[in-house]
Amino acid sequence: MVTIAEMKEQLARENTITRSGPPKAPSNPFFGVGPITDATIDEVAGRLRRVEFDAWLEANYRKLDDKGNDLGPFTTAEIARSMHRGYPADKILTDMMGSIHQYFEFPKQNLMAVGLGGGHSGFTVAVMHLMNPNNANQRVYVDTTKPEASESHGAGFFRQSWATQLLELQKFAQNGSADKIQFATVEGSIPTAKELEALGTTLFLGVGHETTGANTYSKSEIEELLKWLDRDPDNRHAVLDATSMLGAMPWGEAVVREALAKCCVFMPFQKAIGGISGYFVVSFTPQALKLVENNQNDPAWAIPRQLKLAPPVDAKLPVSGKRSLTIGPFYDAEQQRMLGGVINTYSALAFAETTFGLLQAARRVGSVSDLNRRSVENRRVISEWVDNNSLLKFTVSEAEKRGAAVVLLKVVDPDIADKQIHARIIARSKQLLGYEGITHVNGDHEKGLDAARYVNAFPGMPGDYRAWIGGIRDPEDVRLLLDNLAYAYRRAKVAVLEEELAAQGERFESAPSAAGLVRKDDPERAYTVLIADLLGLRLGENNAPDSSEIAAYIREKGGEFHLGALQDRNALQKGKIHFFYQPGLSTEAELLGCTAQGEYDALIAAATFIPKQSVFPLGGVRIGAGTGNMGSSSWGGPDGDGGVAPLMNTPGINSRATAQMAMKALLKVVPNIPVDELHERTVAGKFDTGRNLKDFPTSKLEGQKLAVLGYGNIGREVAKLASAFGMRVCVYAREAHRAWIEAEGFEYADSPVKAAKDANVLSVHVGLGRLDKSTGKFSNAGFVDRDVLSSLADGAVLINYDRGELVDIEALDAALQSGKVSHVAVDADIFSDAKDGTLRGPLTPYLPLSERHPGRLELLPHVAADTDHPTRVAGAKQAVDQIYDAIQFKAVRNLKGALPEGYVNLGSTAPVGVGKSTSANLGALADQSEQWKALRQLSERIAAVIGGIDATTDPERRATLVSRYHSELALDLLNHRRILEGAGLFAPAVA
């Protein structure tokens, strides 16, 4: 009797062992299917397989007219609703039989029969045609134990049911006798050739192996069986149940080939292929076929019509006439044809799917020899795992006799002696292995692992878990299965022990949830954040920029918003983050005066240049993409390398604003129509459209080439806007972006010069690149050089709304002088010294060009991204969120540079529709059930219409389909795009 203390000790031990959580699940939870399965790993892969199957079917089964002309494919729908006779059903049947015969490498001289039904039917076909009580000399040996004998108690119901059927066949036949059957004393074993001869055996039936008991024949046993057959091949026959042995024969290639050639083999393919139809095939040796024909012309019993292999030669004499195999449901590999058809109705689609499945198996795992080798390797993997784990053991003790397709395992747990409790644990573990999960006594539900949906042992078998582990599965999947079996048992044991203890009066409280990030901030500390730029660009009270939206947002999050500088840290409320708004800070002296000693824990800035000596020990966020102005060594400068704190940005927040300003700059000069002059002349009544219009020729944007250098958020937005104007867009970026660029309908160039070739407009968006600390220069300085500019079309427009240093000023001067460039628009930083008014910054080299080429340069002081109030507010809110994550959870989003020690990276984020799409975008859409259902319905309708039209080659019928479905397809396509664009999925995916 186990005491309460002992149960508590066991419970604590199992909780400790499983505290790290469940292991990784196998790629496919369906460990209850046979050695040839579709191997799809999830619901999406299953649907894709169906699409691939439909395409394969249409490619291989074509409609031909009486002249042999191709009229198009037979579709899945047509085959599904057609008869099982004639073309293409006959060809589908022949192809399936040929593919089975070929893949499993049966010898050509052996004919292969097909019939409808399951494993028992296949067994019946083989036995009822080969065994004949009218033959007084026939003796049958069966490698399973006699039903109800003491040796059969561990055999299980299914093996005994097979053996019972044999006895009943003999018992109820006129000349039958149970004495003609010799049963094995050891389950699933083959006697030596000498022993079989001593018994007078003429027919060996191998049914007591692999499928139910997870054991197989040893190589020496098969060699003995072959030796016995060889001594009298005309009068000795063997039938092997290959339900799971196909592709899992661990005897070496030569012995396997010999066994397939000399033994009859029956295979219930509704299991072997994966449950698509109930049918079987049986391979017969030439000698066995002679026996079958003799038996059918001297029958001992009635065989169901649909299972007969030897139909009457004369249809008028179905009872008394001669029966022959030459018109039976056999596939002849020599002639590559069926001698006769299946006598009953069958699914042509199921047969086609078998062929397709075998082709996929061959493509994925190789030949049947490869499959056999993989099965043997999986058997070794399991043996190695069991040797290193004490919880699970084999039910088959002899290593060479363990199955290579099916494993049967039992739990060895010294804690559990009560058989009923053991059975409860096993049952609960199978709930956890599936999708049901288990509910503990405190009401907490433990989610199902979905690691193995079917691992049940057959009734009466000495084992707890049974699974197919043949070569179709990868070794890693098999290891993961075993890890999950052990974990599920231990967690189920926890649940049952809790139940037993609860029955003794013990109480179990619900465990707190540990979902999400863990707080790491100090509740006894007040945190400070400097905001060094304007938060609102809209004017509020007193004609001052309005920061009220951000102030309210910070307070909603539990923080405090202060106007002005930090005065007394000790006076601040502890456990809160305090934001200090000082947008007037500008000069280095002003900034260092309040940041050099680490007065503020973190920083939010936009355009203000932050000195290297400024200290922000917990991080900084730049509102916008570039961080060139973020110089603090706390995060290692603009690249965020080597600092103790994370540097972050808000990419994509102002991408659209910048792109729209770039297009505004372009539209000022192209089309180059003098709008102001035309307005004045029109108002003055001095313009006659018919007479004067010819004096103002212009060219539209549509058809002109825009070259975009860089495929970041802003570059992509510019490309999209230009495309909307009908411009031809060519993008230069790294090769990794090529597929995405072309998928969006843009041209790709692998160099800036190729992109600029004959371009009417050049827009630059590559960023400064990395800083070379030895030279003080950025890697992309002078990126737009003489070669790039000289490649442009004459009179081109250059837009640089990135960084001023990206353009080689001398090369630009020459291009403006020659007319190669007609207009330049630049948006870059410029700074004025408060003392003497001198100018500095990236924009200053352009100032002399403005004087030398008057009216041809438009210079802006880096305002394109910062003139939109909603954009700045959205960026500031995101920056506040990032500061909260960094301080409270040590979690970083939109990291620039290296991740400091102690922090976790949450990845990147951008406004929906800007930049790359992420799995988060897809997940957010999937969580919107109504939108997601609509998307699925639209997608399925679109695929159905396009697939149906594509599969229809007859011009008149295709025209009918086009006319019938065009309107709803157009509407579905528009709605489909609307949903995807709204979710931000019409974009390249994050790598």
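Keep in mind the model is a prediction, meaning the values are calculated, not measured.

Asker: Give a description of the overall build of the protein chain that names residues and reports values.
Answerer: Regarding its fold elements, the protein chain presents 31 helices and 36 strands. Taking 991 residues into account, the globule formula puts the C-alpha radius of gyration at 30 Å, and the protein chain, at 40 Å, lies well above it. Counting every position in the protein chain, which comprises 991 residues, the buried fraction comes to 49%. Contacts in the protein chain between residues far apart in sequence, at least 24 positions, make up 68% of those at least 6 positions apart. Working note: accessible area of the protein chain is about 46,000 Å², and carbon and sulfur atoms make up 52% of it. Of note, the protein chain has its 108 positive side-chain charges centred 3 Å away from the centre of its 121 negative side-chain charges.

Asker: An account of the confidence of the model for the protein chain is needed here, citing residue identities and associated values.
Answerer: When the pLDDT values of the protein chain are averaged, the result is 89; 95% of them are 70 or greater. Long-range and interchain partners of residues 271–276, a stretch whose pLDDT sits below 50, account for 19 contacts in this model, where long-range means more than four residues apart.

Asker: Residue-level account of the packing of helix H30 (residues 929–950) against helix H31 (residues 955–982), with values.
Answerer: The contact between H30 and H31 brings their axes to 9 Å, and the two run at 150°. Overall, the two elements H30 and H31 adopt an arrangement that is roughly antiparallel. As H30 packs across H31, the resulting crossing turns out to be left-handed. Judged by residue contacts, Gln931, Ala934, Leu935, Leu938, Ser939, Arg941, Ile942, Val945, Gly948, Ile949 and Asp950 of H30 engage Arg958, Leu961, Val962, Tyr965, Leu969, Asp972, Leu973, Asn975, His976, Arg978, Ile979 and Leu980 from H31. Among the residues making up the contact of H30 with H31, the classes are represented as 13 nonpolar, five polar and five charged.

Asker: Can you lay out unusual backbone geometry for me, pointing to particular residues and giving the numbers?
Answerer: Following tyrosine 87, the chain continues into proline 88 via a peptide bond in cis, with omega recorded as 5°. Of note, proline 88 is situated in the loop between helix H3 (76–80) and helix H4 (89–103). The residue after valine 670, namely proline 671, is reached through a cis peptide bond having omega -5°. Its location among the elements puts proline 671 in the loop between helix H19 (655–667) and helix H20 (675–683). For aspartate 450, which is not a glycine, the phi torsion comes out positive at approximately 50°. Structurally, aspartate 450 can be placed in the loop between strand E15 (445–446) and strand E16 (465–468).

Asker: Requested: an account of H30, with residues and values cited.
Answerer: In this model, H30 (22 residues) spans 31 Å end to end at C-alpha, consistent with the 32 Å of a helix rising 1.5 Å per residue. Within H30, burial applies to Leu935, Leu938, Ile942, Val945 and Ile949. Around the axis of H30, the buried residues are gathered within 105° of arc, so they sit on the same side. Close packing links the buried residues of H30 with helix H29 (919–927) and H31.

Asker: Describe empty space enclosed by the protein, listing the residues and the values that go with them.
Answerer: All chains considered together, the criterion is met by three cavities of 30 Å³ or more. Taken as a whole, the largest cavity encloses approximately 70 Å³ of empty space. What lines the largest cavity is a set of 13 residues, and nearest its centre among them are Phe394, Arg402, Gly403, Val406 and Val407. Elements with a minimum of two residues in the lining of the largest cavity: helix H14 (368–387) and strand E13 (406–411).

Asker: Before we move on, can you summarise the layout of surface pockets with the specific residues and values?
Answerer: Over the atoms, a rolling probe the size of a water molecule traces out where space has been left empty. Roughly 1,400 Å³ of internal volume is contained in the second largest pocket. Counting residues per element, the ones that place at least two in the lining of the second largest pocket are helix H2 (43–60), strand E2 (70–73), H3, H30 and H31. Grouping the amino acids of the lining of the second largest pocket by side-chain chemistry returns 16 nonpolar, eight polar and 13 charged.

Asker: So what about the sheet that holds strand E3 (residues 111–116)? Which residues, and what values?
Answerer: The sheet built from nine strands is open, its strands ordered E5-E4-E6-E7-E8-E9-E3-E10-E11 with mixed pairing. With one partner strand each, in any of the chains shown, strand E5 (181–183) and strand E11 (337–338) form the two edges of the open sheet. Contacting E3, strand E7 (237–241), strand E8 (264–268), strand E9 (279–284) and strand E10 (330–332), helix H12 (residues 286–296) crosses the sheet at an angle of about 110° to E9.

Asker: Account for the side chain of serine 614, with residues named and values stated.
Answerer: Tracing the backbone shows serine 614 in the loop between strand E20 (602–605) and strand E21 (620–622). For serine 614, a relative accessible area of 1% puts it in the buried group.

Asker: Mind laying out the pattern of salt bridges, listing which residues take part and the relevant values?
Answerer: On inspection of all chains with the given rule, the structure shows 52 salt bridges. Where lysine 63 meets glutamate 78, a salt bridge forms, and the shortest distance between an N and an O atom there is 2.7 Å. In this pair, lysine 63 is assigned in strand E1 (residues 62–64) and glutamate 78 in helix H3, connecting sequence segments 15 residues apart. Here glutamate 702 ties to lysine 700 by a salt bridge, and the two come within 3.3 Å at their closest N and O atoms.

Asker: Requested: an account of the environment of alanine 405, with residues and values cited.
Answerer: As for its position among the elements, alanine 405 is in the loop between strand E12 (392–394) and E13. According to the relative accessible area criterion, alanine 405 is buried, its value standing at 0%. Residues alanine 405 and alanine 874, spaced 469 residues apart in sequence, show a C-alpha to C-alpha distance of 59 Å.

Asker: Please provide a residue-by-residue account of the nonpolar core, values included.
Answerer: Counting 63 residues, the largest nonpolar core has Val114 and Phe351 as the members making the most contacts within it. No other element matches the eight residues that helix H13 (residues 348–365) contributes to this core. Setting aside residues no more than four positions away along its own chain, phenylalanine 351 makes contact with Ile92, Leu93, Met96, Val114, Leu116, Tyr279, Val342 and Tyr346. If you look at the next biggest cluster of nonpolar residues, it comprises 40 residues, including Val207, Ile303, Leu307 and Ala310.

Asker: So, the pairing of E13: which residues are in play, and what are the values?
Answerer: Most of E13 is tucked away: five of the six residues are buried. By the bridge criterion, three bridges tie E12 to E13 in an arrangement that is antiparallel. Residue phenylalanine 394 lies in a different strand from E13, and its bridge partner there is leucine 409. In this structure, E13 lies alongside E16, joined through four bridges in antiparallel fashion. The residue of E16 that forms the bridge with valine 407 is alanine 467.

Asker: Which residues make up the environment of aspartate 827, and what are the values?
Answerer: In this fold, aspartate 827 is placed in strand E30 (residues 821–827). Accessibility expressed as a relative area gives 1% for aspartate 827, which makes it buried. The sequence separation of aspartate 827 and leucine 860 amounts to 33 residues, and the corresponding C-alpha distance is 4.5 Å. Once residues within four sequence positions are removed from consideration, aspartate 827 is found in contact with Asn800, Tyr801, Asp802, Leu860, Pro861, His862, Val863 and Ala864. At 2.5 Å, the side chain of aspartate 827 forms a polar contact with the backbone nitrogen of histidine 862. A distance of 2.8 Å separates a polar side-chain atom of aspartate 827 from the backbone nitrogen of valine 863.

Asker: How would you sum up the sheet that holds E20? Please name residues and give values.
Answerer: Strands belonging to one sheet form pairs held by backbone hydrogen bonds; the direction of such a pair is parallel or antiparallel. Taken in spatial order, the seven strands line up as E18-E19-E17-E20-E21-E22-E35 in an open sheet, and their pairing is mixed. Lying at the two open borders of the sheet, with one neighbouring strand each, are strand E18 (560–563) and strand E35 (895–896). Across three bridges, E21 lies against strand E22 (residues 647–649) in parallel orientation. Counterpart to valine 621 in the pairing with E22 is methionine 648. Strands strand E17 (527–531), strand E19 (577–581), E20, E21 and E22 of the sheet are contacted by helix H28 (residues 869–889), whose axis makes an angle of about 140° with E19.

Asker: Outline the packing of aromatic side chains, supporting the account with residue identities and numerical values.
Answerer: The tally for this structure, following the rule as stated, stands at 15 aromatic pairs. Taken together through their ring pairs, the aromatic side chains of Phe53, Trp56, Tyr61 and Phe356 make up a single cluster. Between lysine 63 and the ring centre of phenylalanine 74, over which it is positioned, the NZ or CZ distance is 5.8 Å. Its end group placed over the ring of phenylalanine 986, arginine 977 keeps NZ or CZ at 4.3 Å from the ring centre.

How each quantity is defined
Residues numbered from 1 in each chain as written. Predicted model: local features only at pLDDT ≥ 70, side-chain atom pairs only at ≥ 80, totals over all residues. Heavy atoms only, no water. Helix = DSSP H or I, 4+ residues; strand = E, 2+ residues; numbered from the N terminus. Rg over C-alpha atoms; globule rule 2.2 N^0.38 Å. Buried < 20%, exposed > 50% of the residue type's maximum accessible area, 1.4 Å probe, protein only. Contact = heavy atoms within 4.5 Å. Areas by Shrake-Rupley, 256 points an atom, 1.4 Å probe, with all protein chains shown as cover. Lys, Arg positive; Asp, Glu negative; His and termini not counted. Charge placed at Lys NZ, Arg CZ, Asp CG, Glu CD. pLDDT = per-residue confidence, 0-100. Axes fitted to C-alpha atoms, helices over the stretch in contact; angles between N-to-C directions. Parallel < 35°, antiparallel > 145°, perpendicular 65-115°, else oblique. Left-handed = near helix turned anticlockwise from the far one by under 90°. Nonpolar A, V, L, I, M, F, W, Y, C, P; charged D, E, K, R; others polar. Expected span 1.5 Å × (residues − 1). Arc of directions from axis to C-beta. 1 Å grid on protein atoms, 1.4 Å probe; cavity = no way out; pocket = protein on both sides within 12 Å on 5 of 7 lines; lining within 4 Å. Points joined across faces, edges and corners; volume = space filled by probe spheres on them. Pairing = 2+ DSSP bridges. Salt bridge = Lys/Arg side-chain N within 4 Å of Asp/Glu carboxyl O. Core = buried A, V, L, I, M, F, W, Y, C linked by side-chain atoms within 4.5 Å. Polar contact = N/O pair within 3.5 Å; in protein donor to acceptor, adjacent residues only side chain to side chain. Phe/Tyr/Trp six-rings, centres within 6.5 Å; stacked < 30°, edge-to-face > 60°. Lys NZ or Arg CZ within 6 Å of the ring centre and 35° of its normal.

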